[in-house]
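So the chains spell out like this:
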Amino acid sequence: MPPTSPSLSQKIQHDITQIVEFALSEDIGNGDITAELIPLEQTAKAAIITREHCVIAGQPWVTEVFSQLDKRLGSNTDIKWHVADGDTIKANSTLFELSGNARTLLTGERAALNFLQLLSGTATACQEYVDLVKHTSVKLLDTRKTIPGLRTAQKYAVTCGGCYNHRIGLYDAFLIKENHIAACGGILQAIETAKRNHPEKPVEIEVENLAELEIALKSKSDIVMLDNFSLEELKQGVKLNQAFGAKAKLEASGNVNKMTLTPIAETGVDYISIGALTKDCKAVDLSMRIR
């Protein structure tokens with residue numbers, strides 16, 4: 001399992017039970033009437049295969065699916081993994097094998113694969129972005145543009161693909177944007193209030209030009225988001241930050257894609273945040289074959 005922040009790990013443990021419970025509830029309802037066609041004591045084995053190259057993410061969710069089903073159905077499913085989260089896997093590879101009650105395997109198939117294909121798709125997309133900028137020192141960050149209910153799951157998948165987590169939600173770090181600044185009365189006032197209210201939380205502020213960047217640097221913001229800066233403005237921003245002793249980290253943001261990513265990374269910014277890592281990912285093609 002790839003390293004995650006302590007706060008994310010705690011949230012995953014808190015969320016996973018409820019998320020899987022909901023996924024099973026919406027799929028099974030009052031019972032899997034098709035699985036009930038199979039004799040109650042029938043056992044089976046199954047192999048889960050990826051049909052395309054991918055980075056794996058989602059093992060804890062798969063395990064939780066069958067754990068909950070075993071408790072619900074009185075079965076005992078054995079899972080044998082051939083890969084680990086974070087592994088890069090070739091097409092047509094077997095990811096894991098299942099053995100146990102046939103009804104349980106078939107009832108849990110879709111919920112388990114839904115988690116695995118989505119999270120592996122997220123991790124795969126992240127690795128593709130990372131590969132484009134591996135010659136630089138920039139760190140690629142996710143955003144809060146996640147599927148509702150799957151925030152911690154997708155952020156976990158992001159780390160499997162080699163990218164990094166921005167804040168988990170609205171509670172663990174400040175991100176002061178244009179409307180916050182206007183409502184607070186200015187950049188200086190917003191940063192001072194943030195540090196006074198929660199001195200233990202990192203403070204990030206969004207700026208839209210070099211003049212605002214200078215104010216943010218003078219106000220000692222921990223991170224400054226350079227929103228939709230041109231490449232030349234990003235380079236100037238890096239130089240300005242260096243003139244202030246580079247005490248703040250600079251984050252480029254705004255409509256970043258695979259075409260624009262590398263030139264942005266080469267300006268020398270510390271971070272690039274990319275909403276597409278979690279909101280535009282394509283699920284990996286997986287299939288389960290009963291033996």
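Structure: see above.
Residues numbered from 1 in each chain as written. Predicted model: local features only at pLDDT ≥ 70, side-chain atom pairs only at ≥ 80, totals over all residues. Heavy atoms only, no water.

Trainee: Can you lay out the sheet that holds strand β5 (residues 93-101) for me, pointing to particular residues and giving the numbers?
Mentor: Read across the sheet, four strands follow the order β3-β5-β1-β12 without closing on themselves; strand pairing throughout is antiparallel. Looking along the sheet, the strands with just one partner apiece sit at the ends: β3 (78-81) and β12 (286-290). Neighbour to neighbour, the strand axes of the sheet diverge by 20° on average, direction disregarded. One ladder, built from four bridges, connects β3 with β5; its direction is antiparallel. (Pairing = 2+ DSSP bridges. Helix = DSSP H or I, 4+ residues; strand = E, 2+ residues; numbered from the N terminus. Axes fitted to C-alpha atoms, helices over the stretch in contact; angles between N-to-C directions.)

Trainee: So what about the side chain of T77? Which residues, and what values?
Mentor: If you trace the backbone, T77 turns up in the loop between α2 (59-73) and β3. A relative accessible area of 13% means that T77 is categorised as buried. Residues in contact with T77, not counting those within four places in the same chain, are F66, D70, L98, S99, T104 and L105. (Buried < 20%, exposed > 50% of the residue type's maximum accessible area, 1.4 Å probe, protein only. Contact = heavy atoms within 4.5 Å.)

Trainee: Talk me through helix α4 (residues 151-160); I want residue IDs and the actual numbers.
Mentor: Turn by turn, an α-helix covers 3.6 residues, leaving residues three or four places apart pointing in a common direction. With nine of its 10 residues buried, α4 lies for the most part within the structure. Phi for G162, located one or two positions after α4, is positive at around 95°.

Trainee: Before we move on, can you summarise the nonpolar core with the specific residues and values?
Mentor: Formed by 46 residues in total, the largest nonpolar core has its most connected members in W61, V65, F66, L95, L98 and F115. Elements with a contribution of two residues or more to this core: α1 (6-28), β1 (43-50), β2 (54-55), α2, β5, α3 (102-132), α4 and β12. Top contributing element to this core by residue count: α3, with 10 residues. When sequence neighbours within four positions are dropped, the list of residues in contact with L95 reads I48, T50, I56, W81, H82, V83, I89, L116 and L286. Within the second largest apolar cluster, 36 residues are counted, among which are Y129, I187, V269 and L277. (Core = buried A, V, L, I, M, F, W, Y, C linked by side-chain atoms within 4.5 Å.)

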